[in-house]
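Coordinate analysis (summary)
This is what each chain is made of:
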Amino acid sequence: MALIALTGASGRIATALRPRLRAAGHRLVLCDAPGVAVPDVDPATERAVESDLRDVDAQAEAFAGADLVVHLGAFSDERPWPEILAVNIDGTRAVCEAARLAGVGRLLLASSVHAAGYVPVDAPLVRDGMPLPAPDTYYGVSKAALEALGGLYAGRFAMTVVSARIMTFDDRPGGPRSLQSWLSGDDMARLVLATLTTRATGHHVVWGVSRNTRRVVDLAPGLAIGFDPQDDAEAHASDAERRGPSRPPGLLGGGFADAAYVLGEPHGGTRTGS
Ligand SMILES: NC(=O)c1ccc[n+]([C@@H]2O[C@H](COP(=O)([O-])OP(=O)(O)OC[C@H]3O[C@@H](n4cnc5c(N)ncnc54)[C@H](O)[C@@H]3O)[C@@H](O)[C@H]2O)c1
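The notes below deal with the structure included here. Remember, it's a predicted structure, so these values are computed and weren't measured experimentally.

Looking only at helices and strands, the protein chain has nine helices and nine strands in total. For a compact globule of 274 residues, the expected C-alpha radius of gyration is about 19 Å, and the protein chain comes in at 18 Å, within 12% of that figure. Per-residue burial for the protein chain yields a buried fraction of 52% across its 274 residues. Across the protein chain, every contact between residues at least 6 apart in sequence was considered, and the portion connecting residues at least 24 apart equals 69%. Of the accessible surface of the protein chain, which amounts to about 11,800 Å², a share of 52% is contributed by carbon and sulfur atoms. Computed over 26 positive and 32 negative side-chain charges, the separation of the two mean positions in the protein chain equals 3 Å.

Below, the structure is given as structure tokens:
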């Protein structure tokens, strides 16, 4: 039984992870921002802590005794630069520093496909290997910075750090693009458990994606840390295809990489052009 600390504990991914990690026998520390209540905390296996991502001391206290910190807290969409800088970049630095101060040796950092959104889907390093960062938004820049911080903390402090470029997390594939990019709840839990138990050392950038028949990215970097996803979006293909046109994007970032997508505005915000 391990103790796993989660930031962003009331968010979508953490909410899906909690029952799965508890079922695997682990205890959880659930961190989210002051004033954000984490719902349905199980007192036998879970403890909730209110701490801002930028508060090193509060998080170091929360992480004490943890075997792994799973850093999910963030603005999970495009935002104005000062907000991205404060929460996603300064916040990630603070989480890494708090983990170090608390003596936690393992970190799983939630990166995003948008760290590499301008990479063409048919680039050779997408199919085989891992492309360099090519962010498509300020949000994507923050995820590239998160990966850089992961490399720094792994290199300097001998921590095992996995930065997962999560593609599209959902209960089910939400549309045709997700048939390539879906990450299921069970596979996200497999990624956490792989990070908890891997013998690999150093920093690893992996794709957060299920074993989708139509995936365009390489599973090998994940397999190298023991992340062996099992779910396939193809099982939901007829539902997903019914929800929209099936033209796959030319760039990994899809709509975020579109010239009509306004930098600094949340997805669904004002767009220029048609
Ligand atoms: N959901 C996806 O498809 C997806 C894809 C790629 C990457 N990611 C990344 O995975 C992580 C989790 O995603 P999610 O969908 O669960 O996000 P979410 O938006 O549902 O949850 C984010 C959580 O972070 C918390 N948070 C925000 N600012 C904070 C602060 N200052 N201090 C403390 N907590 C703060 C929020 O309260 C929230 O609970 C995020 O880092 C996101 O960028 C998600």
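To continue, consider the side chain of Glu-46. For Glu-46, the position within the fold is in strand S3 (residues 46-50). A polar contact of 2.8 Å, which involves the side chain of Glu-46, links it to the side chain of Arg-18.

Per the stated rule, a full pass over the model turns up four aromatic pairs. Ring centres of Trp-81 and Tyr-138 lie 5.3 Å apart, and the angle between their planes is 65°; on these two criteria the pair is classed as edge-to-face. Of this pair, Trp-81 sits in helix H3 (residues 81-101) while Tyr-138 sits in helix H5 (residues 138-157), and the two are 57 residues apart along the sequence. Since its relative accessible area comes to 26%, Tyr-138 is described here as partly exposed. Consider the rings of Tyr-153 and Phe-157, whose centres lie 5.1 Å apart with planes at 45°: the pair is tilted. With a gap of four residues between them, Tyr-153 and Phe-157 both fall in helix H5, about one helical turn apart. A relative accessible area of 4% places Tyr-153 in the buried class. Each residue in the set Tyr-139, Phe-256 and Tyr-261 is aromatic and connected to the rest through ring pairs, giving one cluster. Here the guanidinium or amino end of Arg-100 rests over the ring plane of Phe-157, the centre of that ring lying 4.7 Å away.

Core analysis: the biggest nonpolar cluster contains 32 residues, and Ile-4, Leu-108, Met-188 and Val-192 have the highest contact counts within it. Mapped onto this core, the elements with two or more residues apiece are strand S1 (3-7), helix H1 (12-23), strand S2 (27-32), strand S4 (68-71), strand S5 (106-112), strand S6 (160-166) and helix H7 (185-197). Ranked by residue count, the leading element in this core is H7, at six residues. Discounting chain neighbours no more than four positions away, the residues touching Leu-108 are Leu-68, Val-69, Val-70, His-71, Val-162, Ala-164, Met-188, Leu-191, Val-192 and Thr-195. One finds Val-49, Phe-63, Ala-94 and Val-95 within the second-largest nonpolar core, a separate group that totals 27 residues.

Attention now moves to the environment of Gly-255. Looking at where Gly-255 falls in the secondary structure, it is placed in the segment after helix H9 (237-242). Owing to a relative accessible area of 36%, Gly-255 belongs among the partly exposed residues under this scheme. Sequence separation between Gly-255 and Gly-129 is 126 residues, and the spatial gap between their C-alpha atoms is 24 Å.

Attention now goes to helix H2 (residues 56-63). Of all the positions in H2, only Val-56, Gln-59, Ala-60, Ala-62 and Phe-63 are classed as buried. The buried residues of H2 occupy one face: seen down the axis, they fall within an arc of 160°. Structural note: H2 exposes Asp-57 and Glu-61 on the side pointing more than 90 degrees away from its buried face. As for H2, its buried residues are in contact with S1, S2, S3, S4 and H3.

Lining the immediate surroundings of the ligand are 25 residues, of which Arg-12, Ile-13, Asp-32, Ser-76 and Tyr-139 lie closest. Between an oxygen atom of the ligand and a side-chain N or O atom of Ser-10, the distance comes to 3.1 Å. Note that an oxygen atom of the ligand is positioned 2.6 Å from one of the side-chain N or O atoms of Ser-76. Calculation on the ligand without its partners gives an accessible area of 830 Å², and the protein chains cover 86% of this total. For the shell around the ligand, the elements supplying multiple residues, two or more each, are H1, S5, H5 and strand S7 (168-169). The dominant element in the shell around the ligand, judged by the number of residues it contributes, is S5, at three residues.

Criteria and thresholds
- Residues numbered from 1 in each chain as written.
- Predicted model: local features only at pLDDT ≥ 70, side-chain atom pairs only at ≥ 80, totals over all residues.
- Heavy atoms only, no water.
- Helix = DSSP H or I, 4+ residues; strand = E, 2+ residues; numbered from the N terminus.
- Rg over C-alpha atoms; globule rule 2.2 N^0.38 Å.
- Buried < 20%, exposed > 50% of the residue type's maximum accessible area, 1.4 Å probe, protein only.
- Contact = heavy atoms within 4.5 Å.
- Areas by Shrake-Rupley, 256 points an atom, 1.4 Å probe, with all protein chains shown as cover.
- Lys, Arg positive; Asp, Glu negative; His and termini not counted.
- Charge placed at Lys NZ, Arg CZ, Asp CG, Glu CD.
- Polar contact = N/O pair within 3.5 Å; in protein donor to acceptor, adjacent residues only side chain to side chain.
- Phe/Tyr/Trp six-rings, centres within 6.5 Å; stacked < 30°, edge-to-face > 60°.
- Lys NZ or Arg CZ within 6 Å of the ring centre and 35° of its normal.
- Core = buried A, V, L, I, M, F, W, Y, C linked by side-chain atoms within 4.5 Å.
- Arc of directions from axis to C-beta.
- Near = heavy atom within 4 Å.

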